[in-house]
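# Observations on the model geometry
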Amino acid sequence: MTAFRFAPSPTGHLHVGNARMALINWLAAKHMGGRFILRLDDTDTERSRDEYADAIRADLAWLGIDWAAEEKQSGRLASYEAAFEKLKAQGRVYPCFETPEELDYMRKRLRARGLPPIYTPPTDEKLRSYVDEGREAHWRFKLAAGEIAFDDLVRGPVRFQAENLSDPVVRRHDGTWLYMLPSAVDDADMGITHVIRGEDHVANTALQIQMFEALGAPVPAFAHLPLMTDIEGGGLSKRMGSLALKDLRADGIEPMALASYLAHLGTSDDIKAEAGMDALVAAFDFDHFSRATPKFDPAQLKRLNAQVLHATDFTAVADRLPDGVTAELWNAVRANLERVADTALWRDIRETDIDPVIDAEDAGFLAEAAGLLPGGPWDETTWGAWTGAVKAATGRKGKELFMPLRRALTGLDHGPELKAYLPLIGPERANKRLRGERG
Ligand code: GLU
């Protein structure tokens, strides 16, 4: 069975870029009948917070993502210790003693000589002097020389030469872990078969492949996706204000609009709102992903949001509509909504007194139109019959005819189709508003 994971660090709120990785892993898992695990990479105890973990769970659930199991790196330290001892016994981790300043100096010297800034272990003599000074060890993973190759499911064949990479630090002198080894140990222990993540991890993958091999674990398949940017091409973390899931949700973005957008963006698919997650699962295909940078366009998301609302039935939305929004009102206005919350406006225009908006030169025309209002009961045919009569009587047509009617009846120059909305306003208010009275 295939297994996938989403591995956020609970050090902040999810933004659309993180959510995209979560969604794509989840869609791939569902498409392939696999397991999807939520793994909290919380080894950074200073910055990890329970409230962020809670927010991540809430954001994922809102987006429609569920998980078969949750794992926390902070609860798995014994496994990392065991893997570390195993690697140590094989001579695949070794102690290092340089300070950050010394490492920086070594890198600068190499660069100045036109050489790649690759870590070289010190001479035995130097090593002894560090130990004699009483320095505490941090630990590096020893890369085996040779080519490291993998077939990326999106990028195609990827090759690294181990000699061109530094042995990565895996453990700090205080015993705490850096990202690299725990992640590989988790993927091995949890039977992860596919790792889908950002292309900022491509070089990490080369290092982790050697860790899997050294631990005797199968190497998962990898897919590295170009990282999404904002519309100007800037990094998303700097735009957290507007692109955090919690803010999009508060802004009235529907989960299916965001899921549709994030699943299709950066692929060869048409970007359109889907009716449900099943459609996205069915459409998932690694071959559809492009290597170009996907740019998150809030205007496009808004359009998908409107498409989703247009297709949403009253029963699906009833429990989160503002008080007093009925099925008939929902059906009359949904095609023109940007957000569910906007239904409150159309409820109020229907139910409470408003001041009509009337230009002086339209007053006579509107009074004449009021005189032509038919008797009740009103239904969806009323608007057409009435405006037909107004057109015949006044000679007005098009915008000249419709805009003054809309502004008098609703106080606004945009909104739902009046064919559906006029019957909800009803004869009494319509008559008053057309005559320029508050009503
Ligand atoms: N916590 C890591 C990150 O957010 C996970 C990377 C991975 O998927 O392995 O970058």
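Above this text you will find the structure in question.
Everything in this summary refers to the structure shown in the same document. (Residues numbered from 1 in each chain as written. Predicted model: local features only at pLDDT ≥ 70, side-chain atom pairs only at ≥ 80, totals over all residues. Heavy atoms only, no water.)

## Regarding the overall build of the protein chain
Secondary structure summary: the protein chain contains 19 helices and twelve strands in total. Radius of gyration (C-alpha) of the protein chain: 31 Å, far over the 22 Å computed for a compact globule of 439 residues. A principal-axis box enclosing the C-alpha atoms of the protein chain has dimensions of 105 × 45 × 35 Å. Taking as baseline every contact in the protein chain between residues at least 6 positions apart, the subset at least 24 positions apart corresponds to 73%. Working note: accessible area of the protein chain is about 20800 Å², and carbon and sulfur atoms make up 50% of it. The positive charge centre, built from 54 side chains, and the negative charge centre, built from 67, are 3 Å apart in the protein chain. (Helix = DSSP H or I, 4+ residues; strand = E, 2+ residues; numbered from the N terminus. Rg over C-alpha atoms; globule rule 2.2 N^0.38 Å. Contact = heavy atoms within 4.5 Å. Areas by Shrake-Rupley, 256 points an atom, 1.4 Å probe, with all protein chains shown as cover. Lys, Arg positive; Asp, Glu negative; His and termini not counted. Charge placed at Lys NZ, Arg CZ, Asp CG, Glu CD.)

## Re the side chain of serine 260
Along the chain, serine 260 falls in helix 10 (residues 255-264). Residue serine 260 is classed as buried on the basis of its relative accessible area, which comes to 0%. Those residues in contact with serine 260, other than ones at most four positions away along the chain, are Lys272, Ala273, Glu274, Leu280 and Leu304. (Buried < 20%, exposed > 50% of the residue type's maximum accessible area, 1.4 Å probe, protein only.)

## Regarding empty space enclosed by the protein
Evaluated as defined, the whole model comprises one cavity of 30 Å³ or more. In this structure, the largest cavity spans a volume of roughly 90 Å³. In terms of lining, the largest cavity is formed by Ile24, Leu27, Ala263, His264, Thr267, Asp269, Leu280, Ala283, Phe284, Asp285, His288 and Phe289. Looking at the lining of the largest cavity, the elements with two or more residues in it are helix 1 (16-31), helix 10 and helix 11 (277-283). Residues that form the lining of the largest cavity fall into these classes: seven nonpolar, three polar and two charged. (1 Å grid on protein atoms, 1.4 Å probe; cavity = no way out; pocket = protein on both sides within 12 Å on 5 of 7 lines; lining within 4 Å. Points joined across faces, edges and corners; volume = space filled by probe spheres on them. Nonpolar A, V, L, I, M, F, W, Y, C, P; charged D, E, K, R; others polar.)

## Looking at the layout of surface pockets
As a volume, the largest pocket reaches approximately 1000 Å³. Considering the residues around the largest pocket, the lining is formed by 38 residues, among which Ala7, Pro8, Ser9, Asn18 and His201 are closest to the centre. No other element matches the four residues that helix 1 contributes to the lining of the largest pocket. Taken together, the residues of the lining of the largest pocket break down into 14 nonpolar, 16 polar and eight charged.

## As for the site of the ligand
Residues in contact with the ligand, as listed here, are Arg5, Ala7, Ser9, Asp41, Tyr179, Ser183, Arg197 and His201. Contact between the ligand and aspartate 41: a nitrogen atom at 2.7 Å from a side-chain N or O atom of the residue. Interatomic distance of 2.7 Å between a side-chain N/O atom of arginine 197 and an oxygen atom of the ligand. Considering the ligand on its own, with 300 Å² of exposed area, one finds that the protein chains cover 75% of that surface. (Near = heavy atom within 4 Å. Polar contact = N/O pair within 3.5 Å; in protein donor to acceptor, adjacent residues only side chain to side chain.)

## A look at the pairing of strand 9 (residues 194-198)
Summarising burial for strand 9: five of the five residues are buried, a large majority. Bridge count between strand 9 and strand 10 (residues 221-225): five bridges; the pairing is parallel. When the sheet's bridge partners are listed, arginine 197 is paired in strand 10 with histidine 224. (Pairing = 2+ DSSP bridges.)

## A short note on the sheet that holds strand 3 (residues 69-72)
The strand order across the open sheet built from three strands is 1-2-3, with neighbouring strands paired in parallel fashion. Since the sheet does not close on itself, it has two edges, and those belong to strand 1 (3-6) and strand 3, each with one partner. Within the sheet, the average angular offset between the axes of one strand and its neighbour, ignoring direction, is 30°. Against the sheet, helix 1 contacts strand 1 and strand 2 (35-40), and its axis sits at roughly 165° relative to strand 1. (Axes fitted to C-alpha atoms, helices over the stretch in contact; angles between N-to-C directions.)

## Section: the sheet that holds strand 5 (residues 138-141)
Here we have three strands laid out as an open sheet, ordered 4-5-8, and antiparallel in their pairing. Single-partner strands in this sheet number two, and they are strand 4 (93-96) and strand 8 (169-171). Neighbour-to-neighbour, the strand axes of the sheet open up by a mean angle of 45°, direction not taken into account. Inspection of the sheet shows strand 5 paired to strand 8 by two bridges, in the antiparallel sense. Looking at strand 8, one finds that arginine 140 is bridged to valine 169.

## Points about the side chain of threonine 2
Tracing the backbone shows threonine 2 in the segment before strand 1. Look past the residues within four positions of threonine 2 in its chain and what remains in contact with it is Met32, Gly33, Gly34, Arg35, Thr193 and His194.

## As for the environment of leucine 77
Looking at where leucine 77 falls in the secondary structure, it is placed in helix 3 (residues 77-89). Sequence-wise, leucine 77 and methionine 32 are 45 residues apart; in three dimensions their C-alpha atoms are separated by 31 Å.

## Some words on the packing of aromatic side chains
For any two aromatic rings, the description comes down to two numbers: the centre-to-centre distance and the angle of the planes. Per the counting criterion, the structure on display carries eleven aromatic pairs. Considering the side-chain rings of tryptophan 383 and tryptophan 386, the 5.8 Å spacing of their centres and the 65° angle between planes classify their relative orientation as edge-to-face. In this pair, tryptophan 383 and tryptophan 386 both sit in helix 17 (residues 382-394), three residues apart, roughly one turn of the helix. When its relative accessible area of 12% is taken as the criterion, tryptophan 383 is described as buried. Ring-pair connections join several aromatic residues into one group, and the members of that group are Tyr80, Phe84, Trp139 and Trp177. Taking NZ or CZ as reference, arginine 140 lies 3.6 Å from the ring centre of tyrosine 119, over its face. (Phe/Tyr/Trp six-rings, centres within 6.5 Å; stacked < 30°, edge-to-face > 60°. Lys NZ or Arg CZ within 6 Å of the ring centre and 35° of its normal.)

Taken by themselves, the reported measurements are silent on function.
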